[in-house]
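Spelled out from the first residue to the last, the chains are:
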Amino acid sequence: MNNTPKNKTQRLEIRITPENKKKMEKYASECGLSTSEYITKRALGYTPRTVLPDAFFNFYGKLCEICNNDMTPETEARLLNLIDEIHDEILSQKKEVNELLLPQDFGP
């Protein structure tokens, strides 16, 4: 999908309630997208990922720091497994979507 502005020559106008407009704008903002980009992606079958708050990355970083401190091999192994699970579930680009993080009020 080519998203350069010069290739966007068509307009699509829809009528929605003010409440639905606010929801769409909120969801788009949470995904770091404009409302237009968000609606386009949803209509084309994509599920945009929400942008995780800085607090999550701070927490994740602190978990990683704990691994660098002296601890028992068993505790270290369990912590490393936890970090790997967090990474795979939320941060990994291999995973298409984490449904728990995405608003699902619109579309399929």
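Since this is a predicted model, take the numbers as computed values, not measurements.

Draft legend 1. Structural context of the nonpolar core. Core analysis: the largest hydrophobic core is formed by 8 residues, namely Leu-52, Phe-56, Tyr-60, Leu-63, Cys-67, Leu-79, Ile-83 and Ile-86. Elements that contribute at least two residues to this core include exactly helix H3 (54-68) and helix H4 (73-91). Per element, the largest residue contribution to this core is 4 residues, and it comes from H3.

Draft legend 2. How the structure looks around the pattern of salt bridges. Under the criterion given, the structure shown has 3 salt bridges. Across the pair Glu-13 and Arg-11 runs a salt bridge, and its minimum N-O distance is 3.9 Å. Judged by relative accessible area, Glu-13 falls into the exposed class, the value being 65%. The salt bridge involving Lys-21 is made with Glu-25; its shortest N-O contact spans 3.7 Å. Of the two residues, Lys-21 and Glu-25 both sit in helix H1 (residues 18-30), 4 residues apart, roughly one turn of that helix. You can call Glu-25 partly exposed: its relative accessible area is 34%.

Draft legend 3. Summary view of the environment of Ser-29. The residue Ser-29 is located in helix H1 in this model. For the pair Ser-29 and Val-51, spaced 22 residues apart in sequence, the C-alpha to C-alpha distance is 8.7 Å.

Draft legend 4. Quick look at the confidence of the model for the protein chain. Predicted confidence across the protein chain gives a mean pLDDT of 76, with 79% of residues reaching 70 or more. Below a pLDDT of 50 lies the segment residues 93-101, which in the model reaches 13 contacts outside its immediate sequence neighbourhood of four places, other chains included.

Draft legend 5. Representation of the packing of H1 against helix H2 (residues 35-43) in the model. For the pair H1 and H2, interaxial distance at closest approach is 8 Å and the crossing angle is 90°. By the angle between their directions, the pair H1 and H2 is classed as roughly perpendicular. Seen from H1, the contacting residues are Met-24, Glu-25, Tyr-27 and Ala-28; seen from H2, they are Thr-35, Tyr-38 and Ile-39. In terms of residue class, the contact of H1 with H2 is built from 5 nonpolar, 1 polar and 1 charged.

Quick notes on the rules
Residues numbered from 1 in each chain as written. Predicted model: local features only at pLDDT ≥ 70, side-chain atom pairs only at ≥ 80, totals over all residues. Heavy atoms only, no water. Core = buried A, V, L, I, M, F, W, Y, C linked by side-chain atoms within 4.5 Å. Buried < 20%, exposed > 50% of the residue type's maximum accessible area, 1.4 Å probe, protein only. Helix = DSSP H or I, 4+ residues; strand = E, 2+ residues; numbered from the N terminus. Salt bridge = Lys/Arg side-chain N within 4 Å of Asp/Glu carboxyl O. pLDDT = per-residue confidence, 0-100. Contact = heavy atoms within 4.5 Å. Axes fitted to C-alpha atoms, helices over the stretch in contact; angles between N-to-C directions. Parallel < 35°, antiparallel > 145°, perpendicular 65-115°, else oblique. Nonpolar A, V, L, I, M, F, W, Y, C, P; charged D, E, K, R; others polar.

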